[in-house]
Amino acid sequence: GGGDDDGNDEKTNKFDFTTKVNRVCAKVREVMTQAELEGVTTTGQIISSGHFLFPILSTFAKESPPKLEEALTMIKNSAFDQFASGDTAGMNTKRSPLLLEKAQNSIQYLAFLANYELLFDTALGMYDFDLAKAVARNSQMDPKVYLPMLKRWRNLPDAGAKYEVDVRLKRYDSALKNL
């Protein structure tokens, strides 16, 4: 009876900063995403898709652990949406949508919140070599190192590339599955 209630009270009174931050980030992201979908903010301001891109990226980066895969996916989807809409001003259309200025700026912004090496490894872990290349381009990484590595993986059969990426990222269980 009473003893159990006291124990529960102690648990609920304990301040869990990580959980609170994650909840706030998720709720803020939900409100901003909904506003973009509806094309209008809660205060009635008309907005376009991508209006809250940087703040939404911030909510992914500030969660614990950071949701970098989701953030990178959002950048990629935004770039491909922009490309598909024909908004390719100043860009050779044969190049990747990830080279659009907005995508490059988004990657730079995300790297301000999380380091490039972690972003690069996250993109690799998604087996998305174009995204990894876009992240590396914006970092201090040596192209003589990352370009041949990415080219090699692109030329391997899918399972072989995944295996090598998993070994590089020390994801040995996943690597064994890709053998």
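What you see is a predicted model; the values in this text were computed from it and never measured. (Residues numbered from 1 in each chain as written. Predicted model: local features only at pLDDT ≥ 70, side-chain atom pairs only at ≥ 80, totals over all residues. Heavy atoms only, no water.)

Engineer: Help me understand the pattern of salt bridges in this model?
Structural biologist: Any two side chains of opposite charge can pair if their charged atoms end up close together. Overall, the coordinates contain nine salt bridges when judged by the stated rule. Sharing partners across several salt bridges, the network here consists of Arg-29, Glu-63 and Lys-67. (Salt bridge = Lys/Arg side-chain N within 4 Å of Asp/Glu carboxyl O.)

Engineer: Would you take a moment to explain the side chain of Asp-128 for this structure?
Structural biologist: By secondary structure assignment, the location of Asp-128 is in the loop between helix H6 (116-125) and helix H7 (129-137). For Asp-128, the side chain forms a polar contact with the side chain of Lys-76, separated by 2.5 Å. Not counting chain neighbours up to four residues away, the residues in contact with Asp-128 comprise Lys-76 and Ala-123. (Helix = DSSP H or I, 4+ residues; strand = E, 2+ residues; numbered from the N terminus. Polar contact = N/O pair within 3.5 Å; in protein donor to acceptor, adjacent residues only side chain to side chain. Contact = heavy atoms within 4.5 Å.)

Engineer: Any chance you could explain the environment of Leu-113 here in plain terms?
Structural biologist: Note on placement: Leu-113 falls in helix H5 (residues 101-113). Separated by 55 residues in sequence, Leu-113 and Ser-58 place their C-alpha atoms 7.3 Å apart. Excluding its chain neighbours within four sequence positions, the residues that come into contact with Leu-113 are Leu-57, Ser-58, Ala-61 and Lys-62.

Engineer: Would you take a moment to explain the nonpolar core for this structure?
Structural biologist: One broad rule of soluble globular proteins: the nonpolar side chains tend to lie buried together. Residues Leu-72, Leu-110, Phe-120, Leu-124, Leu-150 and Trp-153 are the most contacted members of the largest nonpolar core, which totals 38 residues. For this core, the secondary-structure elements that each account for two or more residues are helix H2 (17-38), helix H3 (53-62), helix H4 (68-84), H5, H6, H7, helix H8 (143-155) and helix H9 (158-168). Ranked by the residues each element gives to this core, the list is headed by H7, at six residues. Other than its neighbours up to four places away in sequence, Leu-110 contacts Leu-57, Ala-61, Leu-68, Ala-71, Leu-72, Ile-75 and Leu-119. (Core = buried A, V, L, I, M, F, W, Y, C linked by side-chain atoms within 4.5 Å. Buried < 20%, exposed > 50% of the residue type's maximum accessible area, 1.4 Å probe, protein only.)

Engineer: Quick question: what am I supposed to make of the packing of aromatic side chains here?
Structural biologist: Overall, the coordinates contain two aromatic pairs when judged by the stated rule. Here the aromatic rings of Phe-54 and Tyr-109 are separated by 4.5 Å at their centres, their planes lie at 5°, and the arrangement is stacked. Of the two residues, Phe-54 is situated in helix H3 and Tyr-109 in helix H5; the sequence distance between them amounts to 55 residues. Residues Phe-129 and Trp-153 carry aromatic rings whose centres are separated by 5.8 Å and whose planes lie at 35° to one another, so their mutual orientation is tilted. (Phe/Tyr/Trp six-rings, centres within 6.5 Å; stacked < 30°, edge-to-face > 60°.)

Engineer: Would you mind going over H3 with me for this structure?
Structural biologist: Spacing of three or four residues puts side chains on the same side of an α-helix, whose turn is 3.6 residues. Burial analysis of H3 places seven of its 10 residues in the buried class, the great majority of the element. If you check which residues of H3 are buried, you get Leu-53, Ile-56, Leu-57, Ser-58, Thr-59, Phe-60 and Ala-61. In this fold, the buried residues of H3 make contact with H2, H4 and H5.

Engineer: Would you mind going over unusual backbone geometry with me for this structure?
Structural biologist: Glycine aside, residues mostly have negative phi angles, and peptide bonds mostly take the trans form. A cis amide bond, omega 0°, links Ser-64 with the succeeding residue Pro-65. By secondary structure assignment, the location of Pro-65 is in the loop between H3 and H4. Look at Tyr-127: it is not a glycine, yet its phi comes out positive at around 60°. Checked against the element boundaries, Tyr-127 lands in the loop between H6 and H7. Residue Lys-170 is not a glycine yet carries a positive backbone phi of 60°.

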